[in-house]
Amino acid sequence: MSGPAAPPSVVPAPAVPTNALVEYLLRLGDDRLVLGHRVSEWCGHGPILEEDIALSNVSLDLLGQATMLLRLAGDAEGRGRDEDALAYFREVVEFRNCQLVELPKGDFAFTIARQFLFDVYAVVMLDALTGSIHGELAAIAAKSLKEAKYHVRHSGEWMLRLGDGTDESHRRVQKAIDDLWRFTGELFAPDDVDRAMQAAGIGPDLAALRPTWESLVRDVVSRATLTIPNDLPRVASTRGGRTGSHTEYLGHMLAEMQIIARSHPGASW
Amino acid sequence: MVAQAVRATREALLSVLDQVMDPEVPVLSVRELGIVRDVEVDPAGNVTVTVTPTYSGCPAIRVIEQDIVAALEQAGYPGARVRTTYAPAWTTDWIAPEAKAKLKAYGIAPPGRAESGELVQLFRRRATAQCPYCDSYETELRSEFGSTACKSVCWCRACRQPFEEFKAI
């Protein structure tokens, strides 16, 4: 064969600022790390044995997904931080999770309503991310989507039972939706990081996902004889968890989550 | 010659991995479960085993990796490297019929066919599991979450016993 040398077969890394990619992966990973920890608080405290086991399993899946995503974030960052360093040795302002996931677990109705709102967000987002040109992220999304689908089945079926259950369960889950709704605005408020990822073919058009999410949420909520509050969710834009502005609850949660690793750095067990 | 030798070694390695059982489902090997995706031997004889986790948070994956390295070392292949891949995502469809029969004999209802389904699909549509004890289909799903990430809890109305089902994903 003659002619010019073939171009290198290695696919070049996507042309985006590294820190935008790291930020993006931290957002995805931190959502699952923080929510996974919140759900784990039910371990040993579930209302019935089956739910104790179910919530512990969901927590484990979320922590597993967080591990994969944070490892990828650490690799993209290239400063030698692995998933444990990112989970245990960052300060609260460095966390990039949405505020929805950091709120205290509340009662069972609050936990279920929060899971449901997040789980629908997760399936919509992960489904979109399976088409990412970032091969490793697409693979993690495809794997996580399988789990998110049975998570949303669990939380969605509970929405029906609680909403269309007793007066007490209806009242509690309706209050949970009323209290949580304003935190959903942040999920679909794209900023420069999201736009950079979308432009690079790594992430979806976040704002365009919202109608899909909302129609899936409204369908279950109405079947559960519940209502969505009329006030529009506050759009957090630059002042939300994605840029490190958190509610007062996250710091307390991290103190508990990080104390062992920080008291005994480098320990293994 | 080299290629032939490598192929022979690969076969030998795979047969070693056939003896590595899953720590949580000890009747199935890590190959039967589809956890082992590939084994490579480079010309220098370095062994790399590619694995994929069943569930993202499966706590058994670390033990499985250690068991693989230990089994290979015992068989005369020290220093094997274990590499993790996430694509394609693990599916119970990789579990062969013979392996499913072993699950049933062990008392775990084998998985049905994995269905991708809608993004939000409440109330699992597929047929009920067959009771591994009495073979009845008069069973109900009690919870999609069981003693490990890969199992659901069912109840058999015919023999009135709870049993576990390997989740289809």
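Along each chain, residue indices are assigned from 1 in the same order as the chain's sequence is written. Ligands are numbered from 1 and chains lettered from A, in the order in which they are written. Local features in this predicted model are restricted to residues of pLDDT 70 or higher, and side-chain atom pairs are both shown and tallied only at a pLDDT of 80 or more, whereas totals for entire chains, interfaces and linings draw on every residue.

1. Notes on the overall build of chain B
Counted only if it meets this: A run of DSSP states H or I qualifies as a helix once it reaches four residues; a run of E qualifies as a strand once it reaches two. Both are numbered from the N-terminal end. Exposure classification rests on a simple neighbour count of other C-beta atoms within 10 Å of a residue's own: a residue reaching 20 or more is buried, one at 12 or fewer is exposed, and one in between is partly exposed. C-beta atoms are placed from the backbone. Note that contacts rest on C-beta atoms placed from the backbone: two residues are in contact if these are within 7 Å.
Of the regular secondary structure elements, chain B holds three helices and seven strands. Listing every helix and strand of chain B by position from the N terminus yields α-β-β-α-β-α-β-β-β-β. Considered along the principal axes of its C-alpha atoms, chain B spans approximately 60 × 35 × 25 Å. A total of 169 residues make up chain B; the buried ones form 36% of that total. Contacts spanning at least 24 positions in sequence make up 49% of the contacts within chain B whose residues lie at least 6 apart.

2. Observations regarding the domain arrangement of chain B
Residues and elements named next belong to chain B. Rules: The start and end points of each domain follow an automatic or database-based domain assignment. Three classes are used: nonpolar for Ala, Val, Leu, Ile, Met, Phe, Trp, Tyr, Cys and Pro, charged for Asp, Glu, Lys and Arg, and polar for all others, with Gly counted as polar.
Splitting chain B by domain gives domain 1 (2–90) and domain 2 (95–166). Of note, the centres of domain 1 and domain 2, computed from C-alpha atoms alone, are 27 Å apart. With ten residues of domain 1 in contact, the opposing surface of domain 2 contributes nine residues. Of the residues contributing to the side of domain 1 that touches domain 2, the split by class is five nonpolar, three polar and two charged.

3. Quick notes on the interface of chain B and chain A
With 21 residues of chain B at the interface, the matching set in chain A holds 29 residues. Classifying every residue of the side of chain B that touches chain A gives twelve nonpolar, six polar and three charged.

4. Focus on the pairing of strand 7 (residues 161–166) of chain B
The two faces of a sheet get side chains in turn, since along a regular strand they alternate between them. Residues and elements named next belong to chain B. Short version of the rule: Two strands are counted as paired when DSSP detects at least two bridges linking them.
Here two bridges tie strand 4 (residues 108–109) to strand 7, and the two strands are oriented parallel to one another. Within the sheet, the bridge partner assigned to Ile108 lies in strand 7 and is Glu164. Judged from the six bridges that link them, strand 6 (residues 151–156) and strand 7 form a sheet pairing that is antiparallel. Residue pairing in the sheet places Trp155 in a bridge with Pro162 of strand 7.

5. Observations concerning the sheet that holds strand 2 (residues 47–51) of chain B
Residue and element names in this part refer to chain B. Put simply, the test is: Helix axes are fitted to C-alpha atoms over the stretch in contact, other axes to C-alpha atoms as well, and angles between N-to-C directions run from 0 to 180 degrees.
Ordered in space as 1-2-3, the three strands form an open sheet in which the pairing is mixed. The open sheet has two free edges, formed respectively by strand 1 (36–41) and strand 3 (81–84), since each of these has just one partner strand. Averaged over all pairs of adjacent strands, the angle between their axes in this sheet comes to 20°, without regard to strand direction. Pairing of strand 1 with strand 2 involves five bridges; the strand directions are antiparallel. The residue bridging Val39 from the neighbouring strand is Val49, located in strand 2. Here helix 2 (residues 60–74) sits on the sheet in contact with strand 2 and strand 3, set at roughly 150° to strand 2.

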